[in-house]
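# Commentary on secondary and tertiary structure
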Amino acid sequence: SQQGEEDPQALSIQEGENATMNCSYKTSINNLQWYRQNSGRGLVHLILIRSNEREKHSGRLRVTLDTSKKSSSLLITASRAADTASYFCATDVIENAGGTSYGKLTFGQGTILTVHP
Amino acid sequence: EAGVTQFPSHSVIEKGQTVTLRCDPISGHDNLYWYRRVMGKEIKFLLHFVKESKQDESGMPNNRFLAERTGGTYSTLKVQPAELEDSGVYFCANRPGKEVKNIQYFGAGTRLSVL
């Protein structure tokens, strides 16, 4: 599987429901981020979780990170039609023994979320 | 503050032609990245500039791709000659030089179609 692989590839829910997306990765990381892309637009940063954190919240977003399983999940609560977009996890890979990351992000294929009004 | 701007938004060219994509970064953001998403696949890193210097170009597919960042300002990515498999969306991203968190600001991308 690819670094930063996500599932499901597509998720369709009703407004008000919760949406959960998962991401797996392979290498050691400094942090993991989630980005959103609306159709025809650039990626927008949503939330970042460091490798020494297990859970983080931001508004209706909740991210978990399990470094032992090399996986993360993004939960969007009380979804809205405006949440319809593609969601990507991105890992910031450690590139040398000194723990340095030069900022190269490794993305998954993304989850297409559709929220029906 | 203006965001990351990419030109053109869409380019359609014939196989064998040359195309130049441009990225105007956020002012003062030393780090500039190019990424590419081929249809149905993940977004992949191409290269990274720190100001005008190439920090990492390990993701460049082959020597048909040439990236420049003159004076550490805007960047161009030239594909010459273009092949069918070069089709995809090319994203430019920036981040400030001294920020510890690697949060990147993306442009809307250039959709390249090679026919």
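The structure displayed is predicted, hence computed values, not measured ones.

Conventions used here
Residues numbered from 1 in each chain as written. Chains lettered and ligands numbered in written order. Predicted model: local features only at pLDDT ≥ 70, side-chain atom pairs only at ≥ 80, totals over all residues. Heavy atoms only, no water. Core = buried A, V, L, I, M, F, W, Y, C linked by side-chain atoms within 4.5 Å. Buried < 20%, exposed > 50% of the residue type's maximum accessible area, 1.4 Å probe, protein only. Helix = DSSP H or I, 4+ residues; strand = E, 2+ residues; numbered from the N terminus. Contact = heavy atoms within 4.5 Å. Pairing = 2+ DSSP bridges. Polar contact = N/O pair within 3.5 Å; in protein donor to acceptor, adjacent residues only side chain to side chain. pLDDT = per-residue confidence, 0-100. Disulfide = S-S within 2.5 Å. Axes fitted to C-alpha atoms, helices over the stretch in contact; angles between N-to-C directions.

### Let's talk about the nonpolar core
Judged by nonpolar contacts, the single largest core of 22 residues is most densely connected at M21, L32, W34, L74, I76, Y87 and L113 of chain A. The set of elements that each furnish at least two residues to this core consists of strand 2 (10-14), strand 3 (19-24), strand 4 (29-37), strand 5 (43-50), strand 7 (61-66), strand 8 (71-76), strand 9 (85-93) and strand 11 (111-116) of chain A. Ignoring sequence-local partners within four residues, the contact set of Y87 of chain A consists of E6, M21, Y35, R36, L46, L74, I76, G110, T111 and L113 of chain A. L21, L32, L47 and C92 of chain B belong to the second-largest nonpolar core, a separate cluster that totals 21 residues.

### Things to note about the pairing of strand 2 of chain A
Residue and element names in this part refer to chain A. By the alternation rule, side chains of strand 2 split into L11 and I13, which are all buried, and A10, S12 and Q14, of which none is buried. Looking at chain direction, strand 2 and strand 11 are connected through five bridges and run parallel. Note that in strand 11 the partner of Q14 across the bridge is H116.

### Here's the deal with the side chain of R64 of chain B
Residues and elements named next belong to chain B. Within the secondary structure, R64 sits in the loop between strand 6 (53-56) and strand 7 (65-68). In this structure R64 comes out as buried when scored by relative accessible area, which is 13%. A polar contact of 2.6 Å, which involves the side chain of R64, links it to the side chain of D86. Beyond its immediate stretch of four places on either side in the chain, R64 contacts K78, V79, Q80, P81, A82, E83, E85 and D86.

### So, the confidence of the model for chain B
For chain B, mean pLDDT is 92; residues scoring 70 or higher make up 97% of the total. Of all secondary-structure elements in chain B, the lowest mean pLDDT belongs to strand 6 of chain B, at 92, while strand 8 (residues 75-79) of chain B reaches the highest, 98.

### Brief notes about the state of the cysteines
Here, disulfide denotes a covalent bond that connects the sulfur atoms of two cysteines. All chains considered together, the criterion is met by two disulfides over all chains. One disulfide in the model links C23 of chain A with C89 of chain A; its S-S distance is 2.0 Å. Between C23 of chain A and C89 of chain A, the disulfide has an S-S torsion of 65° and is therefore right-handed. Of this pair, C23 of chain A sits in strand 3 while C89 of chain A is found in strand 9, placing the two residues 66 residues apart along the sequence. Each member of the pair, C23 of chain A together with C89 of chain A, is buried. Paired by a disulfide, C23 of chain B and C92 of chain B hold their sulfur atoms 1.9 Å apart. Between C23 of chain B and C92 of chain B the sulfur-sulfur dihedral comes to about -65°; the bridge is accordingly left-handed. Placement of C23 of chain B in strand 3 (residues 19-24) and of C92 of chain B in strand 9 (residues 88-95) is noted, with a sequence separation of 69 residues between them. Taken as a pair, C23 of chain B and C92 of chain B share a single burial class, namely buried.

### Some points on the sheet that holds strand 3 of chain B
Two pairing modes exist for strands in a sheet, parallel and antiparallel, and in both the strands are linked by backbone hydrogen bonds. Residue and element names in this part refer to chain B. If you trace the four strands from one edge of the open sheet to the other, you get 1-3-8-7, paired in antiparallel fashion. The open sheet has two free edges, formed respectively by strand 1 (5-7) and strand 7, since each of these has just one partner strand. Sheet twist, expressed as the mean angle between neighbouring strand axes with direction ignored, is 15°. The pairing of strand 3 with strand 8 spans five bridges and is classified as antiparallel.

### Quick word on unusual backbone geometry
F7 of chain B connects to P8 of chain B through a cis peptide bond whose omega is -15°. Turning to its location among the elements, P8 of chain B is positioned in the loop between strand 1 and strand 2 (10-13). Q80 of chain B connects to P81 of chain B through a cis peptide bond whose omega is -10°. Relative to the helices and strands, P81 of chain B resides in the loop between strand 8 and strand 9. For A78 of chain A, which is not a glycine, the phi torsion comes out positive at approximately 45°. Within the element layout of this structure, A78 of chain A appears in the loop between strand 8 and strand 9.

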